[in-house]
Amino acid sequence: MQSINVNKLFRKNGWFLSSALILISLCSGCANDQAPEPDNAAVQLVDYFADNGTGNPLAIVQHPAGEHHNGVTYVSYQGPFEDPYVAAYNHQTKEWLGPFRAGTSELGRRAERTKFDNHGKPTLLIDDAGYIHIFYGGHGGDKHHGDNPLGNVHHGANKHSISKKPLDISEWEEIDNISVFGTYNQALKMDNGDIYLFYRHGAHRSDWVYQKSTDNGRTFTPPVSFLKHKRRDDVNAVDSWYPWVGHGQGNDIIVSFDYHLCRDSSEHNQGRGHTAERHDIYYMSFDTESGDWTNVEGESLSIPLTREDAEQKTLVKRIDDLWTFNGSVHLDSQGYPHIAVNAGEDKGAKSGGPKLTRHFRWDGKQWLGGETVNGRESGQSRGDFMLSATNEVNYILASDYDNAGVIAWWHSKNGGDTFTQGKTLLTRKNSSFAITSIIKNAHPDALVLVAEKIQDNADRKIYLLGENGPVPRARQEATLEKDKSTFKQ
């Protein structure tokens with residue numbers, strides 16, 4: 001097959017224009033590798049842009065999964081062998097490019113693996129020079145990487161790939177400048193161009209850290225702990241955490257997080273072994289210019305934060321009776337934080353049970369809210385939200401209803417105290433949906449990525465959803481080579 005230099009393709013507003021033939025001819029990691037349709041064949045459109053998502057290919061915590069830049073939305077997801085894949089959509093020409101494989105994951109190539117790991121889903125960021133960064137592939141590092149100074153290890157290796165040319169997703173190179181012990185990558189580029197990469201430095205019993213770059217991600221400072229793991233002396237367990245980090249005001253970073261009670265043995269978990277027992281919701285912020293960490297009232301915090309200090313100074317809501325799964329955090333027009341958290345009863349599963357999204361907000365004096373966004377008392381939901389200038393709260397929520405997955409708008413005109421359902425964006429029978437947080441600098445037509453999950457089938461269709469539904473693509477372009485993993489029995 002002949003290779004085509006993408007830089008010599010037609011350009012418009014920094015975009016590499018493509019045709020079906022060009023997409024098929026690209027051989028530098030492109031997943032499209034099949035014969036073109038005849039010129040007179042009718043183009044059949046589908047509402048997904050790729051069908052080779054694998055396992056659990058995206059989530060809210062690994063973010064951003066995509067970014068809109070100069071009229072193009074760049075997106076990432078976990079594909080075959082748990083590798084990161086990147087595609088792009090031009091909103092003016094309504095053309096797709098890719099997906100291209102952006103790196104190689106150790107998680108998908110372990111000889112002893114018995115299932116998909118799914119912790120190495122990619123995070124995407126564009127630096128000030130236009131280069132695209134992907135962080136991926138880790139679940140705390142592996143024992144062959146040596147001792148983890150800030151926790152324990154599990155599998156995989158946290159990796160960093162950068163596009164070889166600005167705004168060109170066709171070729172990538174791996175850069176060895178972050179810790180291999182990472183997982184749950186969350187990347188932020190501040191107004192001054194500094195890049196912060198947040199992640200858990202190891203498996204469950206590890207500190208959460210950040211690394212900082214001041215040169216467009218070419219080098220990073222050593223990891224700095226901001227949430228402390230440590231042994232408890234009252235129960236047989238270790239303190240652990242799950243944060244979500246986002247942009248605050250100016251060069252501030254805001255953090256919501258829940259607490260993970262990492263118990264020692266199955267005897268304390270009704271024979272279930274290690275469980276995802278998580279409780280409560282917390283909030284703090286980081287002034288990246290001064291280096292100060294504070295709670296919502298401006299009180300200084302000692303970092304890395306311990307459980308005792310977190311409970312005393314940063315607690316939003318005690319949710320002891322329910323198990324939680326942390327969501328996102330954003331500031332309203334007054335600079336007050338709003339937080340999404342998912343909570344549900346412990347039903348005996350390792351994850352506890354289904355969880356519904358709840359909304360909390362700070363009004364300047366106290367934390368308010370806590371009712372479920374979709375008004376249900378049981379079931380499953382996940383989603384992210386946007387705040388308007390008038391403090392309306394608008395969720396894109398993925399919920400399960402009567403053996404169907406439904407993604408719909410939910411709107412609040414009173415700051416999140418109550419919600420009403422809006423337009424349904426996507427629904428599938430006998431399926432459920434995984435959803436990302438809101439794409440960075442999102443275009444109205446491309447707000448989130450969604451993966452359709454069908455039971456007993458590891459292949460996932462990946463959708464790009466906007467205000468009015470999914471962005472379509474030609475079926476031939478969206479039909480890609482699938483995962484061929486074999487697992488140890």
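This one's a predicted model, so the numbers in the text were calculated from it and none came from an experiment.

*Asks:* How would you summarise the overall build of the protein if you had to cite specific residues and measurements?
*Replies:* Secondary structure summary: the protein contains three helices and 35 strands in total. Principal axes of the C-alpha set define a box for the protein whose edges measure 70 × 50 × 50 Å. When the 489 residues of the protein are sorted by exposure, 57% land in the buried category. Considering only contacts within the protein whose residues lie at least 6 apart along the sequence, 57% involve residues at least 24 apart. Surface summary for the protein: the accessible area is close to 19800 Å², and the carbon and sulfur share equals 45%. Computing the positive centroid from 51 side-chain charges and the negative centroid from 63, the protein places the two 4 Å apart.

*Asks:* Quick rundown of the side chain of Asp 239? Include the residues and the values.
*Replies:* Tracing the chain through its elements places Asp 239 in strand E18 (residues 237–247). A polar contact of 2.9 Å, which involves the side chain of Asp 239, links it to the side chain of Arg 307. Ignoring any residue separated from it by four or fewer positions in sequence, one finds Asp 239 in contact with Lys 228, His 229, Lys 230, Arg 232, Tyr 259, His 260 and Arg 307.

*Asks:* Any details on the sheet that holds strand E8 (residues 95–101)? Residues and values, ideally.
*Replies:* The strand order E5-E6-E7-E8 describes an open sheet built from four strands, whose pairing is antiparallel. Either end of the sheet is taken by a strand with one partner, and the two such strands are strand E5 (66–69) and E8. Going across the sheet, the axis of each strand differs from the next one's by a mean of 15°, ignoring polarity. Bridging between strand E7 (residues 84–90) and E8 involves five bridges; their strand directions are antiparallel. By the bridge assignment, Tyr 85 is partnered in E8 with Arg 101.

*Asks:* Provide a residue-level description of the sheet that holds strand E30 (residues 420–429), including the pertinent values.
*Replies:* Strand pairing in a sheet takes place through backbone hydrogen bonds and is either antiparallel or parallel in direction. The sheet built from four strands is open, its strands ordered E27-E28-E29-E30 with antiparallel pairing. Both edges of this open sheet fall to strand E27 (381–387) and E30, since each of them pairs with a single strand only. Strand-to-strand twist of the sheet, defined as the mean angle between neighbouring strand axes without regard to direction, takes the value 15°. Pairing between strand E28 (residues 393–401) and strand E29 (residues 404–412): nine bridges, direction antiparallel. Its bridge partner being in E29, Leu 397 is matched across the sheet by Ala 408.

*Asks:* Just give me the short version of the pairing of strand E26 (residues 367–372), but keep the residues and values in it.
*Replies:* Looking along a regular strand, one sees the side chains alternate between the two faces of the sheet. Here four bridges tie strand E25 (residues 356–362) to E26, and the two strands are oriented antiparallel to one another. The residue bridging Arg 358 from the neighbouring strand is Thr 372, located in E26. Following E25, the chain reverses through four residues before pairing antiparallel with E26; Gly 364 in that reversal takes a positive phi of roughly 100°.

*Asks:* Describe the environment of His 91, listing the residues and the values that go with them.
*Replies:* Structurally, the position occupied by His 91 is in the loop between E7 and E8. When its relative accessible area of 11% is taken as the criterion, His 91 is described as buried. In contact with His 91, other than residues within four places in its own chain, are His 68, Gly 71, Val 72, Thr 73, His 443, Asp 445 and Ala 446. Here the side chain of His 91 touches Thr 73 through a polar contact of 2.6 Å, side chain to side chain.

*Asks:* Please provide a residue-by-residue account of the nonpolar core, values included.
*Replies:* Counting 32 residues, the largest nonpolar core has Ile 396, Ile 407, Val 448, Val 450 and Leu 465 as the members making the most contacts within it. Of all the elements, strand E24 (residues 337–344) adds the most residues to this core, at three residues. In this view, Val 448 contacts Ile 396, Ile 435, Thr 436, Ser 437, Ile 438, Ile 439, Tyr 463, Leu 464 and Leu 465; residues no more than four positions away in its chain are not counted. Val 61, Leu 227, Met 284 and Leu 301 belong to the second largest nonpolar core, which has 27 residues in total.

*Asks:* Explain unusual backbone geometry to me, and be specific about the residues and the numbers.
*Replies:* Glycine aside, residues mostly have negative phi angles, and peptide bonds mostly take the trans form. In this chain, His 63 is followed by Pro 64 through a cis amide linkage whose omega measures -5°. Within the secondary structure, Pro 64 sits in the loop between strand E4 (50–54) and E5. Of note, the amide linkage connecting Gly 98 to Pro 99 takes the cis form, showing an omega dihedral of 15°. With respect to the helices, strands and loops of the structure, Pro 99 is situated in strand E8. Here Tyr 184, not a glycine, exhibits a phi torsion of approximately 60°, which is positive. Not every positive phi belongs to a glycine, and Asp 280 is a case in point at roughly 70°.

About the criteria used
Residues numbered from 1 in each chain as written. Predicted model: local features only at pLDDT ≥ 70, side-chain atom pairs only at ≥ 80, totals over all residues. Heavy atoms only, no water. Helix = DSSP H or I, 4+ residues; strand = E, 2+ residues; numbered from the N terminus. Buried < 20%, exposed > 50% of the residue type's maximum accessible area, 1.4 Å probe, protein only. Contact = heavy atoms within 4.5 Å. Areas by Shrake-Rupley, 256 points an atom, 1.4 Å probe, with all protein chains shown as cover. Lys, Arg positive; Asp, Glu negative; His and termini not counted. Charge placed at Lys NZ, Arg CZ, Asp CG, Glu CD. Polar contact = N/O pair within 3.5 Å; in protein donor to acceptor, adjacent residues only side chain to side chain. Pairing = 2+ DSSP bridges. Axes fitted to C-alpha atoms, helices over the stretch in contact; angles between N-to-C directions. Core = buried A, V, L, I, M, F, W, Y, C linked by side-chain atoms within 4.5 Å.

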